[in-house]
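# Inside the fold
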Amino acid sequence: MKELIQNEMIRKTVFIVLGVVCLTPLVSSPIALALGFGLAVLIGNPFEKHLHRYIHLLLQISIVGLGFGLKLNEALQAGKTGFFLTVVSIFTVMVLGYILGRVFKLEKKLSYLISAGTAICGGSAIAAVSPIIKPGTKEISLGLAIIFTLNSVALFVYPAIGHLLHLSQEQFGLWCAVGIHDTSSVVGAAGKYGNEALKIATTVKLARALWIIPVSVITMFIFKNKESKIKIPWFIGWFILAILLNTYFPVFDGLSSSVTAVAKSGLNLTLFFIGSTLSIGTLKTIGIKPLAVAVILWITISVGSLIYITS
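Residues numbered from 1 in each chain as written. Predicted model: local features only at pLDDT ≥ 70, side-chain atom pairs only at ≥ 80, totals over all residues. Heavy atoms only, no water.

## Notes on the overall build of the protein chain
- On a plain count of helices and strands, the protein chain comes out with 15 helices and 0 strands.
- The C-alpha extent of the protein chain, read off along each of the three principal axes, is 55 × 55 × 45 Å.
- Taken across its 311 residues, the protein chain has 49% of its residues classed as buried.
- For the protein chain, long-range pairs separated by at least 24 residues make up 82% of all intrachain contacts whose partners lie at least 6 apart in sequence.
- In the structure as shown, the protein chain presents an accessible area of about 15100 Å², 71% of it carried by carbon and sulfur atoms. (Helix = DSSP H or I, 4+ residues; strand = E, 2+ residues; numbered from the N terminus. Buried < 20%, exposed > 50% of the residue type's maximum accessible area, 1.4 Å probe, protein only. Contact = heavy atoms within 4.5 Å. Areas by Shrake-Rupley, 256 points an atom, 1.4 Å probe, with all protein chains shown as cover.)

Written out as C-alpha coordinates, the structure reads:
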(Lines give C-alpha, C1' and ligand atoms only; values in the text may rest on other atoms or scores of the structure.)
Protein backbone atom coordinates (compact mmCIF):
# COMPACT_ATOMS: atom_id res chain seq x y z
CA MET A 1 0.00 0.00 0.00
CA LYS A 2 2.85 2.37 0.87
CA GLU A 3 4.51 1.68 -2.48
CA LEU A 4 1.30 2.54 -4.33
CA ILE A 5 0.99 5.81 -2.42
CA GLN A 6 4.64 6.66 -3.04
CA ASN A 7 4.34 5.87 -6.77
CA GLU A 8 1.25 8.04 -7.02
CA MET A 9 3.02 10.88 -5.21
CA ILE A 10 6.00 10.59 -7.58
CA ARG A 11 3.74 10.69 -10.64
CA LYS A 12 1.91 13.75 -9.31
CA THR A 13 5.18 15.47 -8.45
CA VAL A 14 6.61 14.84 -11.93
CA PHE A 15 3.38 16.13 -13.51
CA ILE A 16 3.40 19.33 -11.44
CA VAL A 17 7.10 19.99 -12.05
CA LEU A 18 6.70 19.58 -15.82
CA GLY A 19 3.62 21.81 -15.72
CA VAL A 20 5.61 24.55 -13.97
CA VAL A 21 8.44 24.17 -16.50
CA CYS A 22 5.91 24.68 -19.32
CA LEU A 23 5.05 28.06 -17.82
CA THR A 24 8.61 29.29 -18.40
CA PRO A 25 10.05 30.72 -21.66
CA LEU A 26 12.29 27.63 -21.85
CA VAL A 27 9.46 25.58 -23.36
CA SER A 28 7.75 26.28 -26.70
CA SER A 29 4.19 25.22 -27.54
CA PRO A 30 5.13 22.04 -29.49
CA ILE A 31 7.53 20.97 -26.74
CA ALA A 32 4.83 21.50 -24.09
CA LEU A 33 2.49 19.22 -26.05
CA ALA A 34 5.25 16.64 -26.51
CA LEU A 35 6.10 16.69 -22.80
CA GLY A 36 2.47 16.04 -21.92
CA PHE A 37 2.19 13.17 -24.37
CA GLY A 38 5.52 11.70 -23.24
CA LEU A 39 4.40 11.80 -19.62
CA ALA A 40 1.09 10.10 -20.47
CA VAL A 41 2.91 7.31 -22.34
CA LEU A 42 5.72 6.73 -19.82
CA ILE A 43 4.05 7.07 -16.40
CA GLY A 44 0.43 7.95 -17.09
CA ASN A 45 -1.52 11.07 -16.15
CA PRO A 46 -2.35 11.06 -12.41
CA PHE A 47 -4.90 13.87 -12.85
CA GLU A 48 -6.62 12.68 -16.03
CA LYS A 49 -10.07 12.27 -14.45
CA HIS A 50 -10.14 15.88 -13.28
CA LEU A 51 -8.14 17.61 -16.00
CA HIS A 52 -10.64 17.87 -18.85
CA ARG A 53 -12.82 20.39 -17.02
CA TYR A 54 -9.88 22.77 -16.60
CA ILE A 55 -8.43 22.59 -20.13
CA HIS A 56 -11.17 24.65 -21.80
CA LEU A 57 -11.31 27.15 -18.93
CA LEU A 58 -7.55 27.75 -19.02
CA LEU A 59 -7.63 28.04 -22.81
CA GLN A 60 -10.43 30.63 -22.68
CA ILE A 61 -8.71 32.71 -19.98
CA SER A 62 -5.43 32.65 -21.94
CA ILE A 63 -7.13 33.73 -25.17
CA VAL A 64 -8.84 36.63 -23.41
CA GLY A 65 -5.40 37.63 -22.13
CA LEU A 66 -4.09 37.69 -25.70
CA GLY A 67 -6.80 40.24 -26.48
CA PHE A 68 -4.81 42.79 -24.46
CA GLY A 69 -2.06 42.53 -27.07
CA LEU A 70 -4.36 43.64 -29.92
CA LYS A 71 -5.72 46.97 -31.09
CA LEU A 72 -9.19 47.25 -32.61
CA ASN A 73 -7.95 48.25 -36.09
CA GLU A 74 -5.67 45.17 -36.15
CA ALA A 75 -8.53 42.88 -35.16
CA LEU A 76 -10.92 44.35 -37.75
CA GLN A 77 -8.34 44.09 -40.51
CA ALA A 78 -7.56 40.47 -39.64
CA GLY A 79 -11.26 39.57 -39.49
CA LYS A 80 -11.91 41.26 -42.83
CA THR A 81 -8.96 39.45 -44.45
CA GLY A 82 -10.07 36.02 -43.27
CA PHE A 83 -13.84 36.32 -43.78
CA PHE A 84 -14.10 35.09 -47.37
CA LEU A 85 -11.65 32.26 -46.81
CA THR A 86 -13.51 31.23 -43.66
CA VAL A 87 -16.89 31.02 -45.41
CA VAL A 88 -15.54 29.07 -48.39
CA SER A 89 -13.51 26.67 -46.25
CA ILE A 90 -16.39 25.85 -43.89
CA PHE A 91 -18.78 25.18 -46.77
CA THR A 92 -16.17 23.09 -48.62
CA VAL A 93 -15.28 20.94 -45.61
CA MET A 94 -18.90 20.27 -44.60
CA VAL A 95 -19.92 19.25 -48.15
CA LEU A 96 -16.77 17.21 -48.79
CA GLY A 97 -17.11 15.58 -45.36
CA TYR A 98 -20.63 14.42 -46.26
CA ILE A 99 -19.43 13.00 -49.58
CA LEU A 100 -16.42 11.23 -48.02
CA GLY A 101 -18.64 9.82 -45.28
CA ARG A 102 -20.82 8.20 -47.91
CA VAL A 103 -17.83 6.95 -49.92
CA PHE A 104 -16.10 5.40 -46.88
CA LYS A 105 -19.45 4.22 -45.44
CA LEU A 106 -18.93 5.92 -42.08
CA GLU A 107 -21.72 6.36 -39.57
CA LYS A 108 -23.49 9.61 -40.43
CA LYS A 109 -23.03 11.11 -36.97
CA LEU A 110 -19.31 10.30 -36.76
CA SER A 111 -18.76 11.74 -40.24
CA TYR A 112 -20.59 14.91 -39.19
CA LEU A 113 -18.55 15.28 -36.00
CA ILE A 114 -15.27 15.00 -37.93
CA SER A 115 -16.48 17.47 -40.55
CA ALA A 116 -17.67 20.03 -38.00
CA GLY A 117 -14.45 19.71 -36.00
CA THR A 118 -12.33 20.23 -39.11
CA ALA A 119 -14.47 23.04 -40.53
CA ILE A 120 -14.80 25.28 -37.47
CA CYS A 121 -12.81 24.84 -34.28
CA GLY A 122 -11.98 21.25 -33.42
CA GLY A 123 -13.13 19.93 -30.07
CA SER A 124 -15.31 22.99 -29.36
CA ALA A 125 -17.35 22.39 -32.51
CA ILE A 126 -17.72 18.70 -31.68
CA ALA A 127 -18.91 19.63 -28.19
CA ALA A 128 -21.39 22.13 -29.67
CA VAL A 129 -23.07 19.82 -32.21
CA SER A 130 -22.99 16.63 -30.10
CA PRO A 131 -26.10 17.49 -28.01
CA ILE A 132 -27.96 18.17 -31.25
CA ILE A 133 -27.09 15.06 -33.26
CA LYS A 134 -26.88 12.86 -30.13
CA PRO A 135 -24.03 10.51 -31.11
CA GLY A 136 -22.86 7.67 -28.90
CA THR A 137 -20.03 8.12 -26.40
CA LYS A 138 -17.71 6.06 -28.60
CA GLU A 139 -18.38 8.29 -31.63
CA ILE A 140 -17.67 11.46 -29.61
CA SER A 141 -14.46 9.99 -28.16
CA LEU A 142 -13.34 8.83 -31.60
CA GLY A 143 -14.04 12.20 -33.18
CA LEU A 144 -12.14 14.04 -30.45
CA ALA A 145 -9.22 11.60 -30.59
CA ILE A 146 -8.83 12.08 -34.34
CA ILE A 147 -9.08 15.87 -34.18
CA PHE A 148 -6.63 16.20 -31.27
CA THR A 149 -4.17 13.82 -32.95
CA LEU A 150 -4.13 15.86 -36.15
CA ASN A 151 -3.87 19.05 -34.11
CA SER A 152 -0.77 17.66 -32.44
CA VAL A 153 0.78 16.89 -35.83
CA ALA A 154 -0.12 20.37 -37.13
CA LEU A 155 1.60 22.05 -34.21
CA PHE A 156 4.93 20.65 -35.45
CA VAL A 157 4.31 20.56 -39.21
CA TYR A 158 2.82 24.01 -39.87
CA PRO A 159 5.72 26.14 -38.54
CA ALA A 160 8.22 23.96 -40.42
CA ILE A 161 6.31 24.38 -43.72
CA GLY A 162 5.85 28.10 -43.04
CA HIS A 163 9.59 28.63 -42.70
CA LEU A 164 10.31 26.37 -45.67
CA LEU A 165 7.99 28.43 -47.91
CA HIS A 166 9.12 31.74 -46.34
CA LEU A 167 5.55 32.72 -45.47
CA SER A 168 5.09 36.18 -44.01
CA GLN A 169 3.69 36.65 -40.52
CA GLU A 170 0.31 37.64 -41.97
CA GLN A 171 0.21 34.70 -44.38
CA PHE A 172 1.15 32.17 -41.72
CA GLY A 173 -1.31 33.54 -39.15
CA LEU A 174 -4.16 33.34 -41.65
CA TRP A 175 -3.13 29.86 -42.78
CA CYS A 176 -3.05 28.58 -39.19
CA ALA A 177 -6.48 29.99 -38.42
CA VAL A 178 -8.02 28.23 -41.43
CA GLY A 179 -6.02 25.00 -41.67
CA ILE A 180 -5.62 23.90 -38.04
CA HIS A 181 -8.69 22.60 -36.22
CA ASP A 182 -8.44 23.52 -32.54
CA THR A 183 -7.88 27.02 -31.16
CA SER A 184 -5.15 25.88 -28.77
CA SER A 185 -3.03 24.44 -31.60
CA VAL A 186 -3.73 27.44 -33.85
CA VAL A 187 -2.44 29.84 -31.20
CA GLY A 188 0.43 27.52 -30.29
CA ALA A 189 1.69 27.21 -33.87
CA ALA A 190 1.23 30.92 -34.65
CA GLY A 191 2.88 31.97 -31.40
CA LYS A 192 5.94 29.91 -32.30
CA TYR A 193 6.10 31.65 -35.69
CA GLY A 194 5.89 35.24 -34.42
CA ASN A 195 3.83 37.89 -32.61
CA GLU A 196 2.14 39.26 -35.74
CA ALA A 197 1.17 35.76 -36.85
CA LEU A 198 -0.24 35.16 -33.36
CA LYS A 199 -2.42 38.28 -33.48
CA ILE A 200 -3.88 37.46 -36.88
CA ALA A 201 -4.36 33.76 -36.15
CA THR A 202 -6.14 34.40 -32.83
CA THR A 203 -8.53 36.99 -34.27
CA VAL A 204 -9.44 35.03 -37.41
CA LYS A 205 -9.82 31.77 -35.49
CA LEU A 206 -12.18 33.28 -32.91
CA ALA A 207 -14.22 34.93 -35.67
CA ARG A 208 -14.34 31.49 -37.27
CA ALA A 209 -15.49 29.94 -33.99
CA LEU A 210 -18.63 32.11 -34.08
CA TRP A 211 -19.75 30.01 -37.04
CA ILE A 212 -20.64 27.39 -34.43
CA ILE A 213 -23.94 29.25 -34.08
CA PRO A 214 -25.26 29.10 -37.69
CA VAL A 215 -23.81 25.60 -38.18
CA SER A 216 -25.61 24.44 -35.01
CA VAL A 217 -28.90 25.89 -36.30
CA ILE A 218 -28.47 24.11 -39.65
CA THR A 219 -27.56 20.91 -37.78
CA MET A 220 -30.90 21.05 -35.95
CA PHE A 221 -32.75 20.89 -39.26
CA ILE A 222 -30.50 18.21 -40.77
CA PHE A 223 -30.97 15.88 -37.79
CA LYS A 224 -34.53 17.10 -37.09
CA ASN A 225 -33.85 18.06 -33.49
CA LYS A 226 -35.15 21.56 -32.78
CA GLU A 227 -35.27 21.11 -29.00
CA SER A 228 -31.51 21.25 -28.35
CA LYS A 229 -29.86 24.40 -27.03
CA ILE A 230 -27.07 26.04 -29.00
CA LYS A 231 -23.77 26.44 -27.14
CA ILE A 232 -22.53 29.97 -27.79
CA PRO A 233 -18.78 30.60 -27.17
CA TRP A 234 -19.37 33.56 -24.83
CA PHE A 235 -15.68 33.94 -23.95
CA ILE A 236 -15.17 35.52 -27.40
CA GLY A 237 -17.09 38.50 -26.04
CA TRP A 238 -14.50 38.87 -23.27
CA PHE A 239 -11.76 38.67 -25.90
CA ILE A 240 -13.39 41.58 -27.78
CA LEU A 241 -13.74 43.53 -24.53
CA ALA A 242 -10.00 43.04 -23.86
CA ILE A 243 -9.24 44.46 -27.32
CA LEU A 244 -11.47 47.48 -26.70
CA LEU A 245 -9.89 48.17 -23.30
CA ASN A 246 -6.40 47.93 -24.79
CA THR A 247 -7.42 50.25 -27.66
CA TYR A 248 -9.25 53.03 -25.85
CA PHE A 249 -7.76 53.05 -22.34
CA PRO A 250 -4.07 54.11 -22.28
CA VAL A 251 -3.67 52.68 -18.77
CA PHE A 252 -3.51 49.21 -20.33
CA ASP A 253 -0.57 50.11 -22.59
CA GLY A 254 1.93 49.42 -19.83
CA LEU A 255 0.23 46.16 -18.87
CA SER A 256 -0.40 44.62 -22.29
CA SER A 257 3.03 43.04 -22.74
CA SER A 258 2.93 41.45 -19.27
CA VAL A 259 -0.64 40.16 -19.69
CA THR A 260 0.09 38.65 -23.11
CA ALA A 261 3.26 37.01 -21.76
CA VAL A 262 1.22 35.37 -18.99
CA ALA A 263 -1.44 34.37 -21.56
CA LYS A 264 1.19 32.67 -23.73
CA SER A 265 2.46 30.74 -20.71
CA GLY A 266 -1.13 29.71 -19.99
CA LEU A 267 -1.48 28.42 -23.54
CA ASN A 268 1.70 26.36 -23.18
CA LEU A 269 0.28 24.84 -20.00
CA THR A 270 -2.99 24.13 -21.83
CA LEU A 271 -1.11 22.25 -24.55
CA PHE A 272 0.79 20.30 -21.89
CA PHE A 273 -2.55 19.30 -20.36
CA ILE A 274 -3.94 18.30 -23.77
CA GLY A 275 -0.85 16.22 -24.52
CA SER A 276 -1.16 14.46 -21.19
CA THR A 277 -4.72 13.34 -22.00
CA LEU A 278 -3.55 11.52 -25.14
CA SER A 279 -2.17 8.00 -24.94
CA ILE A 280 -1.16 5.08 -27.13
CA GLY A 281 -4.39 3.37 -26.08
CA THR A 282 -6.44 6.33 -27.30
CA LEU A 283 -4.62 6.41 -30.62
CA LYS A 284 -5.22 2.68 -31.12
CA THR A 285 -8.99 3.24 -31.01
CA ILE A 286 -8.82 5.32 -34.19
CA GLY A 287 -9.96 3.26 -37.17
CA ILE A 288 -8.53 3.55 -40.68
CA LYS A 289 -11.70 4.83 -42.35
CA PRO A 290 -12.52 7.74 -40.00
CA LEU A 291 -8.85 8.69 -39.90
CA ALA A 292 -8.70 8.65 -43.71
CA VAL A 293 -11.73 10.95 -43.93
CA ALA A 294 -10.24 13.36 -41.38
CA VAL A 295 -6.83 13.41 -43.09
CA ILE A 296 -8.33 14.03 -46.55
CA LEU A 297 -10.41 16.90 -45.17
CA TRP A 298 -7.40 18.34 -43.36
CA ILE A 299 -5.09 18.12 -46.38
CA THR A 300 -7.78 19.63 -48.63
CA ILE A 301 -8.32 22.65 -46.39
CA SER A 302 -4.60 23.06 -45.65
CA VAL A 303 -3.42 22.90 -49.25
CA GLY A 304 -6.39 24.82 -50.63
CA SER A 305 -6.07 27.70 -48.16
CA LEU A 306 -2.28 27.82 -48.61
CA ILE A 307 -2.64 28.14 -52.39
CA TYR A 308 -5.23 30.91 -51.95
CA ILE A 309 -3.11 32.81 -49.40
CA THR A 310 0.12 32.64 -51.40
CA SER A 311 -1.41 33.32 -54.82
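## Things to note about the packing of helix H8 (residues 169-179) against helix H10 (residues 195-209)
- Where H8 contacts H10, the axes come no closer than 7 Å and their chain directions differ by 30 degrees. Comparing the axis directions of H8 and H10 gives the class roughly parallel. Note on packing geometry: the crossing formed by H8 with H10 is right-handed. Every residue of H10 that contacts H8 at Gln-169, Glu-170, Phe-172, Gly-173, Leu-174, Cys-176, Ala-177 and Val-178 is listed here: Asn-195, Glu-196, Ala-197, Ile-200, Ala-201, Val-204, Lys-205 and Arg-208.
- When its residues are assigned to classes, the contact of H8 with H10 shows 9 nonpolar, 3 polar and 4 charged. (Axes fitted to C-alpha atoms, helices over the stretch in contact; angles between N-to-C directions. Parallel < 35°, antiparallel > 145°, perpendicular 65-115°, else oblique. Left-handed = near helix turned anticlockwise from the far one by under 90°. Nonpolar A, V, L, I, M, F, W, Y, C, P; charged D, E, K, R; others polar.)

## Remarks on the nonpolar core
- Counting residues in each nonpolar core, the largest one holds 85 residues, and the members touching the most others are Tyr-158, Phe-172, Cys-176 and Phe-272.
- With residues up to four places along the chain from it excluded, the contact list for Phe-172 reads Tyr-158, Pro-159, Gly-162, Leu-167, Ala-189, Ala-190, Tyr-193 and Ala-197. (Core = buried A, V, L, I, M, F, W, Y, C linked by side-chain atoms within 4.5 Å.)

## What about the side chain of Ser-302?
- Take Ser-302: it is sitting in helix H15 (residues 288-310).
- With relative accessibility at 7%, the residue Ser-302 sits in the buried group.

## Looking at the packing of aromatic side chains
- Scanning the model with the defined rule gives 12 aromatic pairs in all.
- Between Phe-83 and Trp-211, the aromatic rings sit 6.5 Å apart at their centres with planes inclined by 45 degrees, giving tilted as the arrangement. Here Trp-211 lies in the loop between H10 and helix H11 (212-222) and Phe-83 lies in helix H4 (residues 72-103), a separation of 128 residues in the sequence.
- Looking at Trp-211, the relative accessible area reads 27%, which means it is partly exposed.
- Ring centres of Phe-172 and Trp-175 lie 6.1 Å apart, and the angle between their planes is 70 degrees; this geometry places the pair in the edge-to-face category. Here Trp-175 and Phe-172 lie together in helix H8, a separation of 3 residues that amounts to about one turn. Here Phe-172 matches Trp-175 in class, with each residue buried.
- An aromatic cluster of three or more residues is present, and its members are Tyr-158, Phe-172, Trp-175, Tyr-193 and Trp-298.
- Over the ring of Phe-223 we find Lys-108, and its NZ or CZ is 4.9 Å from the ring centre. (Phe/Tyr/Trp six-rings, centres within 6.5 Å; stacked < 30°, edge-to-face > 60°. Lys NZ or Arg CZ within 6 Å of the ring centre and 35° of its normal.)

## Observations regarding a nonpolar patch on the surface
- Together, Trp-238, Ile-240, Leu-241, Leu-244, Tyr-248, Phe-249 and Val-251 line one region of the surface with nonpolar side chains, adding up to about 740 Å² of accessible area.
- The class of Val-251 is exposed, set by a relative accessible area of 60%. (Patch = residues over 30% accessible without salt bridge, like charges linked within 9 Å, V, L, I, M, F, W, Y side chains within 5 Å. Salt bridge = Lys/Arg side-chain N within 4 Å of Asp/Glu carboxyl O.)

## Notes on unusual backbone geometry
- Within the chain, Lys-105 stands out as a residue other than glycine whose phi angle is a positive 55 degrees.
- Secondary-structure assignment places Lys-105 in the loop between H4 and helix H5 (108-121).
- On the basis of relative accessible area, Lys-105 is assigned to the exposed category, the value being 70%.
- At Lys-134, a residue that is not glycine, the phi angle is positive and equals roughly 55 degrees.

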